[in-house]
Amino acid sequence: MAIDAVIRGLRRTAPTWNPTALAVIATREGDPFRVLIACILSLRTQDTTTGPASDRLFAEAATPESMLKLTPRRIERLIYPVGFYRTKARVILGICHDLLDRFAGRVPDTIDDLLTLNGVGRKTANLVVTMGYGKPGICVDTHVHRISNRLGYVKTRHPEETEMALRAKLPRRHWIGYNDLLVSFGQNVCTPLSPRCSICPVSSLCRKVGVTKAR
DNA sequence: AAAACGGGGGC
DNA sequence: GCCCCAGTTTT
């Protein structure tokens, strides 16, 4: 499978696509703590309200220490209306506590250390590593997992297997743009149930996995 | 009104 | 593996 051909095809049409949650998080590039918190806010939400929400939160607290001075109620108010705002406020405080407790207030820079934080899974850990620390990382959310299967890249139900497969093909640089391109394609074109196959630049490669009615 | 949607934890 | 979490968006 010529992944490079796929990527080239996607890049041609990408400029007309709507921005993704990843693009919002990427504006925190170089600040691991902000990347981490923005990732938590974006979990299981499809909207772009996480951008303004994290802006409001960071205006009051942009470090673990200052975050812990906020009450859960205050954080809930600041991040509303993102989905799961109560759960996320609790998770954020738990993470901040843990960072001070076990990592001297610093956000870890390895996947394995990040995974020990409660509320951080493989997607978040990869994004912190690439966006926060500029190191190679591949973000496999459900979009990336789905399109990888449809394009015949992988044949698996397990996102972790997709992550390993894509990691082996990761380009030498520009990882943020690469991740965003894949997510963007899944969000804007190769959507879950009725993808917009008529405008898809790589439909000839598609296995149509899970497609009920193509547009 | 109902179904689709999206990461991670706990078991 | 399976179920749960809570709220918005799409059909």
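Residues numbered from 1 in each chain as written. Chains lettered and ligands numbered in written order. Predicted model: local features only at pLDDT ≥ 70, side-chain atom pairs only at ≥ 80, totals over all residues. Heavy atoms only, no water.

This part covers the layout of surface pockets. Considering only enclosed or pocket space, the largest pocket measures out at about 530 Å³ in volume. T45, K123, D141, T142 and H143 are, among the 24 residues lining the largest pocket, the residues nearest its centre. Only helix 2 (21-26), helix 9 (122-133), helix 10 (142-150), helix 11 (159-168) and helix 12 (175-188) provide two or more residues apiece to the lining of the largest pocket. With 4 residues, the single largest contributor to the lining of the largest pocket is helix 10. Here the lining of the largest pocket is composed, by residue class, of 8 nonpolar, 9 polar and 7 charged. (1 Å grid on protein atoms, 1.4 Å probe; cavity = no way out; pocket = protein on both sides within 12 Å on 5 of 7 lines; lining within 4 Å. Points joined across faces, edges and corners; volume = space filled by probe spheres on them. Helix = DSSP H or I, 4+ residues; strand = E, 2+ residues; numbered from the N terminus. Nonpolar A, V, L, I, M, F, W, Y, C, P; charged D, E, K, R; others polar.)

Taken together, 17 residues lie around DNA strand B, and R44, G119, G121, T124 and P192 are the ones closest in. Within 4 Å of the protein, the contacting atoms of DNA strand B are drawn from sugar and phosphate to the extent of 69%. The side chain of K123 places a nitrogen or oxygen atom 3.1 Å from a phosphate oxygen of DNA strand B. Put simply, the parts of the chain that give the surface near DNA strand B at least two residues each are helix 9 and helix 10. The dominant element in the surface near DNA strand B, judged by the number of residues it contributes, is helix 9, at 3 residues. (Near = heavy atom within 4 Å. Polar contact = N/O pair within 3.5 Å; in protein donor to acceptor, adjacent residues only side chain to side chain.)

Glancing now at the packing of aromatic side chains. Counted under the stated rule, the structure contains 2 aromatic pairs. Centre to centre, the rings of W17 and F185 are 5.9 Å apart; their planes meet at 35 degrees, and the pair counts as tilted. Of this pair, W17 sits in the loop between helix 1 (3-13) and helix 2 while F185 sits in helix 12, and the two are 168 residues apart along the sequence. On the basis of an interplanar angle of 85 degrees and a centroid distance of 5.0 Å, the ring pair of Y80 and Y85 is categorised as edge-to-face. (Phe/Tyr/Trp six-rings, centres within 6.5 Å; stacked < 30°, edge-to-face > 60°.)

The subject of this paragraph is unusual backbone geometry. Here Y80 and P81 are connected by a cis peptide whose omega angle stands at 15 degrees. A positive phi angle, close to 55 degrees, is found at R44, a residue other than glycine. Although it is not a glycine, F84 adopts a positive phi angle of roughly 60 degrees. Within the secondary structure layout, F84 lies in the loop between helix 6 (72-79) and helix 7 (85-102). Of the residues examined, F84 reaches a relative accessible area of 42% and is grouped as partly exposed. (Buried < 20%, exposed > 50% of the residue type's maximum accessible area, 1.4 Å probe, protein only.)

A word on the protein's contact with DNA strand C. By nearness alone, every residue bordering DNA strand C is listed as R44, Y80, F84, Y85, R86 and T87. Take R44: an N or O atom from its side chain is 2.6 Å from a base nitrogen of DNA strand C. Interatomic distance of 2.2 Å between a side-chain N/O atom of R86 and a phosphate oxygen of DNA strand C. Looking at the surface near DNA strand C residue by residue, the class counts come to 3 nonpolar, 1 polar and 2 charged.

Our focus in this paragraph is the packing of helix 3 (residues 32-42) against helix 9. At their nearest, the axes of helix 3 and helix 9 sit 9 Å apart, and the two run at 145 degrees to each other. When the axes of helix 3 and helix 9 are compared, the crossing they make is right-handed. Every residue of helix 9 that contacts helix 3 at P32, V35, L36, C39 and S42 is listed here: K123, T124, L127, V128, M131, G132 and Y133. Split by residue class, the contact of helix 3 with helix 9 holds 8 nonpolar, 3 polar and 1 charged. (Axes fitted to C-alpha atoms, helices over the stretch in contact; angles between N-to-C directions. Left-handed = near helix turned anticlockwise from the far one by under 90°. Contact = heavy atoms within 4.5 Å.)

Further remarks concern the domain arrangement of chain A. Along its sequence, chain A is organised into domain 1 (3-17 + 138-205) and domain 2 (21-133). Taking only C-alpha atoms into account, the centre of domain 1 sits 25 Å from that of domain 2. In this assembly, 14 residues from domain 1 lie in contact with 12 residues from domain 2. Together, the buried faces of domain 1 and domain 2 total about 970 Å²; carbon and sulfur atoms form 61% of this surface. Linking domain 1 with domain 2 are 2 salt bridges, by the criterion used here. Residue R122 is joined to E160 by a salt bridge in which the shortest nitrogen-to-oxygen separation is 3.9 Å. Put simply, domain 1 and domain 2 have 4 residue pairs in polar contact (both at pLDDT 80 or more) between them. Elements that contribute at least two residues to the side of domain 1 that touches domain 2 include exactly helix 11 and helix 12. Residue classes in the side of domain 1 that touches domain 2 are distributed as 7 nonpolar, 2 polar and 5 charged. (Domains from an automatic or database assignment. Buried area = accessible area lost by both parts, 1.4 Å probe. Salt bridge = Lys/Arg side-chain N within 4 Å of Asp/Glu carboxyl O.)

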